[in-house]
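Topology and contacts: notes
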Amino acid sequence: ELPENWTDTRETLLEGMLFSLKYMGMTLVEQPKGEELSAAAVKRIVATAKASGKKLQKVTLKVSPRGIVLNDSRTNELIENVSIYRISYCTADKIHDKVFAYIAQNQLNENLECHAFLCTKRKM
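Residues numbered from 1 in each chain as written. Predicted model: local features only at pLDDT ≥ 70, side-chain atom pairs only at ≥ 80, totals over all residues. Heavy atoms only, no water.

- The name given to the chain in an unreviewed UniProt entry is Low density lipoprotein receptor adapter protein 1, and the organism recorded there is Phalacrocorax carbo.
- On record in UniProt, under Subcellular location (unreviewed entry), the comment for the chain is "Cytoplasm". (UniProt positions renumbered as here; feature names shortened; annotations may be inferred.)

Remarks on the side chain of Asp72
- On the secondary structure map, Asp72 appears in strand β3 (residues 67–72).
- Arg74 provides the closest opposite charge to the buried, salt-bridge-free Asp72, at an N-O distance of 4.6 Å.
- Of note is the side chain of Asp72, whose polar atom sits 2.9 Å from the side chain of Gln57.
- Engagement of the side chain of Asp72 in a polar contact is seen with the backbone nitrogen of Arg74, the distance being 2.7 Å.
- Apart from residues lying up to four places away in sequence, Asp72 is in contact with Gln57, Lys58, Glu77 and Ile79. (Helix = DSSP H or I, 4+ residues; strand = E, 2+ residues; numbered from the N terminus. Buried < 20%, exposed > 50% of the residue type's maximum accessible area, 1.4 Å probe, protein only. Lys, Arg positive; Asp, Glu negative; His and termini not counted. Salt bridge = Lys/Arg side-chain N within 4 Å of Asp/Glu carboxyl O. Polar contact = N/O pair within 3.5 Å; in protein donor to acceptor, adjacent residues only side chain to side chain. Contact = heavy atoms within 4.5 Å.)

Overview of the pairing of strand β7 (residues 112–118)
- Taking burial as the measure, the seven residues of β7 include six buried ones, the bulk of the element.
- The pairing of strand β6 (residues 99–105) with β7 spans seven bridges and is classified as antiparallel. Bridge assignment links Ile103 to a residue of β7, and that residue is Cys114.
- Where β6 folds back onto β7 in an antiparallel hairpin, the turn is made up of six residues, including Glu110, whose phi is positive at roughly 65°. (Pairing = 2+ DSSP bridges.)

Dropping the structure here:
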């Protein structure tokens with residue numbers, strides 16, 4: 001949750017903001033951006049996560065001007081470090097209002113991937 005005077009916190013913006021989320025999963029997408037595209041991808045991820053019945057992985061997501069760094073909350077192990085230049089789209093899903101997602105190009109195989117996360121609160 002951002003404070004009212006968040007624009008004053010330049011350090012935080014440069015260093016990055018931390019969010020405690022639950023990782024829902026990933027699906028491949030055809031295009032680098034689009035509201036309908038991401039909504040459909042999130043719908044697939046949510047359905048897959050529900051169907052698996054497994055507990056979601058708790059992660060720490062750090063957002064900075066350099067990109068997104070994802071760590072396992074329990075072990076603090078690095079899961080992914082995504083350069084800002086590989087991220088093409090970010091969204092808060094309209095239907096699943098606690099879901100945040102981003103689309104990024106995979107560094108190894110150039111695939112476009114949509115990653116989705118569950119937030120504790122809608123405002124987050």
